[in-house]
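# Per-entry structural report
In case you want the letters, here they are:
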Amino acid sequence: MADDSLYPDLGEIGTEETESAYVYKEHAMKKTRTEKDSELTRRRFLSASLALGAASFVKPGVLWAENAPKVDLPFERGRRPLVAFPQKRPLMVMTTRPPQLETPFHLFDENIFTPNDAFFVRWHLANIPSQIDMNTFRLKIRGRVTQPLSLNLAELKRDFEQVEVAAVCQCGGNSRGFFDPRVPGGQWGNGAMGNAKWTGVRLRDLLAKAGLNDDGLQVRFDGLDQPIADGTPDFRKSLNLEDAVQETVVVAHSMNGEPLPWLNGFPLRLVVPGWFATYWVKMLNDIEVLNKHDQQFWMAKAYRLPADPCACVQPGEKIVRSVPIGKMTVRSFITNVQDSGTVVGGTPLTVKGIAFDQGYGIDRVLFSVDGGRQWQAASLGQDYGDFSFRPWEVQFTPVSGRTYMLQSLAVNRIGEPQRFSARWNPSGYLRNVVETVHIHAT
Amino acid sequence: MRRNGNIIKRSVGWFSVFLCVGLFMLGVFMVGQPSGAQSMEASDTLSVPADPISFQQGPGSAIASSYCLICHSAEYIYTQPPHSHERWTEIIKKMKHTFGCPIPDEHISPLAEYLVSQNTIQPIPEAKKFTGLAHIPTRESGSPEKGKAIYNTYCLNCHGQTGKGDGPIGQALIPPAADLTATGNKSDTILLNTIRNGRPGTAMPSWKSDLSKQEMEDILAYIRNLTKS
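Thresholds, definitions, all that
- Once a new chain begins, its residue numbering starts again from 1 and follows that chain's sequence as written.
- In the order they appear in the text, chains get letters beginning with A and ligands get numbers beginning with 1.
- Local features in a predicted model are, by the rule used here, given only for residues with pLDDT of at least 70; side-chain atom pairs are given and counted only at 80 or more, and totals for whole chains, interfaces and linings are based on all residues.
- No hydrogens and no water enter the side-chain calculation; it runs on all heavy atoms of the structure.
- When two rings of Phe, Tyr or Trp (its six-membered ring) have centres within 6.5 Å they constitute a pair, described as stacked for plane angles under 30 degrees, edge-to-face for angles over 60, and tilted for the intermediate range.
- Each residue is placed in one exposure class: buried if its accessible area under a 1.4 Å probe, protein chains only, is under 20% of its type's maximum, exposed if it is over 50%, and partly exposed if it falls in between.
- One speaks of a salt bridge when a side-chain nitrogen belonging to Lys or Arg is within 4 Å of a carboxyl oxygen belonging to Asp or Glu.
- Each helix corresponds to a stretch of at least 4 residues labelled H or I by DSSP, and each strand to a stretch of at least 2 residues labelled E; elements are numbered beginning at the N terminus.
- For each structure, a 1 Å grid was placed over the protein atoms alone; sets of points admitting a 1.4 Å probe that cannot get out are labelled cavities, open sets with protein on both sides within 12 Å along at least five of seven lines are labelled pockets, and lining residues have an atom within 4 Å of a point.
- Grid points are joined across faces, edges and corners, and a volume is the space filled by probe spheres set on the points.
- Any residue outside Ala, Val, Leu, Ile, Met, Phe, Trp, Tyr, Cys, Pro, Asp, Glu, Lys and Arg is labelled polar, Gly included; the first ten of those are nonpolar and the last four are charged.
- Residue-level confidence of the predictor is summarised by pLDDT, bounded by 0 at the bottom and 100 at the top.
- Residue contacts follow a heavy-atom distance rule, with two residues in contact if any of their heavy atoms lie within 4.5 Å.
- Cysteine sulfurs are considered disulfide-paired once they come within 2.5 Å of each other.
- By nonpolar core we mean a set of buried residues, namely Ala, Val, Leu, Ile, Met, Phe, Trp, Tyr and Cys, connected to one another through side-chain atoms within 4.5 Å.
- Criterion used throughout: strands pair if DSSP finds at least two bridges between them.
- We call two N or O atoms a polar contact when they sit within 3.5 Å, provided that within protein one can donate a hydrogen and the other can accept it, with sequence-adjacent residues counted only if both atoms are side-chain atoms.

### Quick notes on the packing of aromatic side chains
Residue and element names in this part refer to chain A. A complete count under the given rule lists 24 aromatic pairs over all chains for this structure. Relative to Tyr279, the ring of Trp275 has its centre 5.3 Å away and its plane inclined at 85 degrees; by these criteria the two rings are edge-to-face. There is no split in this pair, since Trp275 and Tyr279 are both buried. Site record: aromatic cluster; members linked through ring pairs are Phe105, Phe108, Phe333, Phe356 and Phe389.

Put into structure tokens, the structure is as follows:
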């Protein structure tokens, strides 16, 4: 992180690591408090809203105390233990089964490309193969095609052009925990997102090899994960053919130059840049071209938005007409200044952050220190592609004794800004309100 | 400065193709890890940590343990915001009718009551050390003949002679013992995992301290035969 002094002093943090086991050391701050004290202090500390969500005080590679490997998200029942799952560093556990792991937020400051072992994890069904025989694994392309294909990983790498795309993968319900009033569902902070370089083959090259029939309408994707209960619908997602054949849609075998981690969809996952992660089917082994609209549960009933431009309703109101969730909204975050933090007055401060949208690319990021009354332009950092996180930074000199409400506002290349008031919908999707970070200058 | 496109073409060297095919022939496929500390082979089994918390004891907790834990860990409940009795009832009905939770209707209201009673607490998982990767050595396929003998000792009382869950005590259980002849669509991994670790929310216990890994493979081989017949 850029400036450690921006983070509250929480005492010493353990740094032990043995060969493959993570060893937690007791954390000094929390063990001295009773549970009740801790709760109250925590609430007070967080009450200024911790808009950045994942208020982790853990640095990468620093492994946590046995009794205190936890993060407290700033909403009710927001406590999340930090646990290292296979191939992962300690991440915030929302649920163990199925695995749903959130990336501690400070990691977005340290990496424009989220490390594989820090990338968030979200499975719907708990029956995930824990063993994949790569000798027998095949990706099938079938349905309304002239020549069904069955490909192993070597053929996929050998027979098709290998391409790479930098893209943000974000859960549709990222930041759901901040909805007010609260809604049911996975209670994420802001860390159910990540940015990676995905390598694989274009979906359209696979479809072209198989040969599309004239009546193809949608393409359905299925992975190796299976339901536990017999009555649970298998997790499958579909894209309209015109979206599926975009050049950027990739069947990826690698992420940031390494094979996909098991929990991120080893050995293959669909990458649909600009679209919410629900379409990025993991452990992909079946691609089926349909000649009608997919009516199964995960398209027709789940992941639906109110069918109006706002994708919102009044709190408590039911959705009358709905559409499937689709592309992402424009968002930005301040990453190096933590909410409720303290900074040194009279010293120039560089505020850093990230912005992204659905692939138009970020045109500008505006920055405010007074809760949105006055804005100044931030400078955009390196452009890694229209679907990637775009870094930005801005300088300001805080005055001693004053309190600031820092905000960032991203606008994409078609002029769409973030929202100034949070939208509400009953499933907690598409949050993209301007977030606020409160700081005090000493 | 704007880039021309978002796709970067990458050429594949013949060496890497050769190497890749070579690795397949060896039956070894590595999942790389930036640190190089962990890798996965085709024969390895990965597993997530066991459920770290259970439901707090109280009226209705047995129902929650029996049904909610079939599909997800208790954390899903304990990370929810407080919901009203009506909202919890809606959620339980969705679990039943949309996701196939086998909860009988008469348990829905008591379960909603229990979940309301849990609204304001968040049990903290006990501290545990998790290793980054669970390694289980290569499998040896089981013998159905040996499996039958072991099955008759350990499984028959509940799952019955035919495997349909009609053993002497199988039908008295809530939920009843599983019909093993209907497990054809379940992977080896999931069945072995159930034998090894039990199934939360049911009477199926963990057999890991009673049976060796090979004995579990033998039982699996026998169960696969039951499925066929």
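And the narrative resumes.
### What about the pattern of salt bridges?
Residue and element names in this part refer to chain A. Under the defined criterion, the tally for this structure stands at 20 salt bridges over all chains. In this structure, the salt-bridge partner of Arg331 is Glu435, at a minimum N-O distance of 3.3 Å. Placement of the pair is Arg331 in strand S18 (residues 331-334) and Glu435 in the loop between strand S25 (403-412) and strand S26 (436-441), with a sequence separation of 104 residues. You'll find Arg331 and Glu435 in the same group, each marked buried. In this structure, Arg413 and Asp386 form a salt bridge, with 3.0 Å as the shortest nitrogen-oxygen distance. Pair noted here: Arg413 is in the loop between S25 and S26 and Asp386 is in the loop between strand S23 (379-380) and strand S24 (390-396), with a separation of 27 residues, a long-range link. A residue is classified by how much of its surface remains accessible, and Arg413, at 26% relative accessible area, is partly exposed. Among the charged side chains, a network of salt bridges with common partners joins Arg142, Arg220, Asp286, Glu288 and Asp294.

### Focus on empty space enclosed by the protein
Residues and elements named next belong to chain A. A full pass over the atoms with the stated rule returns 11 cavities of 30 Å³ or more. If you add up the space inside the largest cavity, you get close to 150 Å³. Along the walls of the largest cavity sit 17 residues, with Phe120, Arg122, Arg269, Ala277 and Lys282 positioned nearest its centre. Across the lining of the largest cavity, the residue classes tally to 10 nonpolar, four polar and three charged.

### Considering the confidence of the model for chain B
Residue and element names in this part refer to chain B. When pLDDT is averaged along chain B, the result is 79, and 76% of the positions lie at 70 or above. At the level of individual helices and strands, chain B shows its lowest average pLDDT in helix H1 (residues 14-26), which scores 40, and its highest in helix H5 (residues 108-117), which scores 98. Contacts from residues 12-43, a stretch scored under 50 in pLDDT, to residues over four places away or in other chains number 59 contacts.

### What about the environment of Asn116 of chain A?
Residues and elements named next belong to chain A. Relative to the elements of secondary structure, Asn116 occurs in the loop between helix H3 (107-110) and strand S5 (121-122). Residue classification places Asn116 among the buried residues on the basis of a relative accessible area of 7%. Taking C-alpha positions, Asn116 is 8.2 Å from Glu258, a pair spaced 142 residues apart along the chain. Residue contacts for Asn116: discarding those within four places in its chain leaves Lys88, Met255, Asn256, Glu258, Pro259, Pro261 and Asn264.

### Observations regarding the environment of Asn185 of chain B
Relative to the helices and strands, Asn185 of chain B resides in the loop between helix H7 (156-159) and helix H8 (188-197). Linking Asn185 of chain B and Thr227 of chain B, residues 42 residues apart in sequence, is a C-alpha distance of 10.0 Å.

### Thoughts on unusual backbone geometry
Residues and elements named next belong to chain A. Here the amide bond leading from Arg97 into Pro98 is cis, since omega sits at -5 degrees, within 30 degrees of zero. By the secondary structure assignment, Pro98 is in the loop between strand S3 (90-95) and strand S4 (100-102). Of the consecutive residues Asp180 and Pro181, the connecting peptide bond is found in the cis state with omega at 0 degrees. Here Pro181 is to be found in the loop between strand S8 (162-170) and strand S9 (193-202). Positive phi, close to 75 degrees, is recorded for Ser175, a residue that is not glycine. For Ser175, the position within the fold is in the loop between S8 and S9. One non-glycine residue with positive phi stands out, namely Ser340, at about 65 degrees. Looking at the secondary structure, you find Ser340 in the loop between S18 and strand S19 (341-343). Exposure remark for Ser340: the relative accessible area of 22% places this residue in the partly exposed category.

### Concerning the state of the cysteines
Counted according to the given criterion, the structure contains one disulfide over all chains. The disulfide partner of Cys310 of chain A is Cys312 of chain A, and the gap between their sulfur atoms is 1.8 Å. Residues Cys310 of chain A and Cys312 of chain A are joined through a disulfide that is right-handed, its torsion about the S-S bond being 115 degrees. Distance from the sulfur of Cys169 of chain A, which forms no disulfide, to the nearest cysteine sulfur (Cys171 of chain A) is 8.5 Å. Not part of a disulfide, Cys155 of chain B finds its nearest cysteine sulfur in Cys158 of chain B, a span of 8.9 Å.

### A word on the nonpolar core
Across soluble globular proteins, nonpolar side chains have a tendency to be buried as a group. Counting 94 residues, the largest nonpolar core has Leu156, Trp198, Leu206, Val251 and Ile287 of chain A as its most contacted members. Sort the elements by how many residues they give to this core and S8 of chain A lands first, with six residues. Ignoring any residue separated from it by four or fewer positions in sequence, one finds Val251 of chain A in contact with Leu139, Leu156, Gly200, Val201, Leu203, Leu206, Leu268, Arg269, Leu270, Leu284 and Ile287 of chain A. By size, the runner-up hydrophobic cluster in this structure holds 40 residues, among which are Ile53, Phe55, Leu115 and Leu220 of chain B.

### Digging into the sheet that holds S18 of chain A
All names here are of chain A. Pairing within the open sheet is antiparallel, and its four strands lie in the order S18-S20-S24-S23. With partners counted over all chains shown, the strands left at the sheet margins are S18 and S23, one partner each. Looking at chain direction, strand S20 (residues 349-356) and S24 are connected through seven bridges and run antiparallel. Along S24, the bridge assignment pairs Thr350 with Gln395.

### Topic: the pairing of strand S15 (residues 284-290) of chain A
Residues and elements named next belong to chain A. Burial analysis of S15 places seven of its seven residues in the buried class, the great majority of the element. Note: strand S10 (residues 218-223) against S15, six bridges, orientation antiparallel. Bridging from a neighbouring strand, Gly223 pairs with Leu284 of S15.

### What to know about the side chain of Asp286 of chain A
Residues and elements named next belong to chain A. Note that Asp286 resides in strand S15. A relative accessible area of 8% means that Asp286 is categorised as buried. Side-chain polar atoms of Asp286 contact the side chain of Arg142, separated by 2.6 Å. Discounting chain neighbours no more than four positions away, the residues touching Asp286 are Leu139, Lys140, Arg142, Arg220, Phe221 and Asp222.

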